[in-house]
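A closer look at the structure
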Amino acid sequence: MKITKAVIPAAGLGTRVLPATKSMPKEMLPIVDKPAIQYIVEEAVRSGITDILIITNRGKGLIEDHFDRVPELEAKLTSGGAQKADILREVVDISHLANFYFVRQKETRGLGHAVSRARSFVGNEPFAVLYGDDVIIGEDPACGQLIRAYEEFGTGVLGVKQVSAEAITKYSSLKVEPIRDNYFKCTDMIEKPTPDKIMSLYSILGRCVLTPDIFDILDHTEPGAGGEIQLTDAMCTMARRSGMVAVDFTGTRYDMGNKLGIMQASCEVALSHPEIGADFRKYIKELAKTL
Ligand code: UTP
């Protein structure tokens, strides 16, 4: 079955980026001139996704507004004539990227709980999940790489990369065996492992494709690490039952949930930005001399 639906959980509290996220959703933090979540939506659309459910919560109305039309602004840009035509087109196009749906996660009970809010949107189809604070930039969209693996293997698919032994205790660790190239079979996993529980340095980083049986599994998943209902725990049940495929995807992943990740994303995207790239490069070179 062709995958056309994606879920973007964006209902976290963003406590690692306070105070910026006190009233501003971290998914709306800009990377140069676009909010993080727009990069994620564009990746999904480039992967063939047509319908996107964004899981929000109180105070995240800005996300809905961003994917809506803004008649007053558009009228102003229209009166700006040819000079403003490009930005007008860009502003209008955002609302046409996909069909957008929103649902609120009423209590912040974890990523697994957030994904379980998507049951009626998803119905009986496989779907992609793109974590709202993980921006992945690359030629070949990461979500599409996972969708291709789903089309080949027909099981749930995990987007993975190797991380350092220190970092993995903050992420998840997967038990994997090679299939071919950048494909692995995953039969077990653990969220936020203590050093003695690390299975490999492969960790799930922000993308997966799931089959709808995940919802029944989530309904029976007890709170795990941090007292939250962890998506990793539900996917662990899925992997142990039927196996999943892990794809070591190409592309650079930026963690917009922490301060260093935000700066790395801004810096690297600015360096290749058509409008400011050359000036920013000059600036960075000058700045580097003073470090
Ligand atoms: P994180 O655990 O990184 O987000 O969840 P967080 O809770 O905002 O982080 P901190 O630790 O407080 O800084 C990964 C993704 O899952 C979403 C987040 O919005 C993020 O995109 N999420 C997390 C939810 O939608 N609901 C939740 O209950 C938890």
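Since we're looking at a predicted model, the values are computed, not measured. (Residues numbered from 1 in each chain as written. Predicted model: local features only at pLDDT ≥ 70, side-chain atom pairs only at ≥ 80, totals over all residues. Heavy atoms only, no water.)

1. Details of a negative patch on the surface
The criterion, for reference: Within the patch definition used here, like charges are joined within 9 Å and nonpolar side chains (Val, Leu, Ile, Met, Phe, Trp, Tyr) within 5 Å, considering only residues with over 30% relative accessible area and no salt bridge. The Shrake-Rupley method, run with a 1.4 Å probe sphere, supplies the accessible areas, and residue values consider only the shown protein chains as cover. Here, a salt bridge means any side-chain nitrogen of Lys or Arg that lies within 4 Å of a carboxyl oxygen of Asp or Glu. Only four residue types enter the tally: Lys and Arg on the positive side, Asp and Glu on the negative side; His and the chain ends are excluded. Charged side chains are reduced to one point each, which is NZ for Lys, CZ for Arg, CG for Asp and CD for Glu. In this description a helix means any DSSP run of H or I spanning at least four residues, a strand means any run of E spanning at least two, and both kinds are numbered starting from the N terminus.
Side chains of Asp33, Glu90, Asp93 and Glu275 sit close together on the surface and give a patch of like negative charge. Locating glutamate 275 in the fold gives a position in the loop between helix H10 (259-271) and helix H11 (277-289).

2. Things to note about the UniProt feature "domain: Nucleotidyl transferase" (unreviewed entry) in the protein chain
Formally: UniProt positions are given in the numbering used here, feature names are shortened, and annotations may be inferred rather than shown by experiment.
Here the UniProt-annotated "domain: Nucleotidyl transferase" (unreviewed entry) positions come out as residues 5-269. The distance separating the terminal C-alpha atoms of residues 5-269 is 27 Å; by composition the span is 33% helix and 27% strand.

3. Observations concerning the packing of helix H3 (residues 71-79) against helix H4 (residues 85-95)
Rule in force here: Helix axes are fitted only over the stretch in contact, all axes being lines through C-alpha atoms; the angle between N-to-C directions runs from 0 to 180 degrees. An angle below 35 degrees is treated as roughly parallel, one above 145 as roughly antiparallel, one from 65 to 115 as roughly perpendicular, and anything else as oblique. Crossing handedness is read from the near helix: turned anticlockwise from the far helix by less than a right angle, it gives a left-handed crossing, and turned clockwise, a right-handed one. Any two residues whose heavy atoms approach within 4.5 Å are treated as being in contact. When residue character is reported, Ala, Val, Leu, Ile, Met, Phe, Trp, Tyr, Cys and Pro are called nonpolar, Asp, Glu, Lys and Arg charged, and the others, Gly included, polar.
At their nearest, the axes of H3 and H4 sit 9 Å apart, and the two run at 160 degrees to each other. On the basis of their axis angle, the class for H3 and H4 is roughly antiparallel. Here H3 and H4 pass one another in a crossing that is left-handed. In this structure, H3 uses Leu73, Glu74, Leu77 and Thr78 to contact H4, whose residues at the interface are Ile87, Leu88, Val91 and Val92. Classifying every residue of the contact of H3 with H4 by side-chain character gives 6 nonpolar, 1 polar and 1 charged.

4. Some thoughts on the site of the ligand
Note the threshold: To be near a molecule or strand, a residue needs just one of its heavy atoms within 4 Å of it. In protein, a polar contact requires one atom able to donate a hydrogen and another able to accept it; more generally it is a pair of N or O atoms within 3.5 Å, and residues adjacent in sequence count only if both atoms are side-chain atoms.
In the region of the ligand, 18 residues are neighbours, and Gly12, Gly14, Thr15, Gln105 and Gly110 sit closest. Contact between the ligand and glutamate 27: an oxygen atom at 3.1 Å from a side-chain N or O atom of the residue. One of the side-chain nitrogen or oxygen atoms of aspartate 133 is found 3.1 Å away from an oxygen atom of the ligand. Considering the ligand on its own, with 570 Å² of exposed area, one finds that the protein chains cover 86% of that surface. A per-class count over the shell around the ligand returns 6 nonpolar, 7 polar and 5 charged.

5. Digging into the sheet that holds strand S9 (residues 172-180)
Each strand in a sheet pairs with another by means of backbone hydrogen bonds, the pair being arranged parallel or else antiparallel. Condition: Two strands qualify as a pair provided that DSSP identifies no fewer than 2 bridges between them.
The 9 strands are arranged S5-S4-S1-S6-S11-S8-S12-S10-S9 in an open sheet whose pairing can be described as mixed. Looking at strand neighbours, the two that pair on one side only are strand S5 (99-104) and S9, the edges of this open sheet. Each adjacent strand pair in this sheet contributes to an overall mean axis angle of 30 degrees, direction not counted. The pairing of strand S1 (residues 5-9) with strand S6 (residues 127-130) spans 2 bridges and is parallel. Bridge pairing in S6 links alanine 6 to alanine 128. Of the strands in this sheet, strand S8 (157-162), S9, strand S10 (183-191), strand S11 (202-210) and strand S12 (244-248) are in contact with helix H9 (residues 231-242), which crosses S10 at around 130 degrees.

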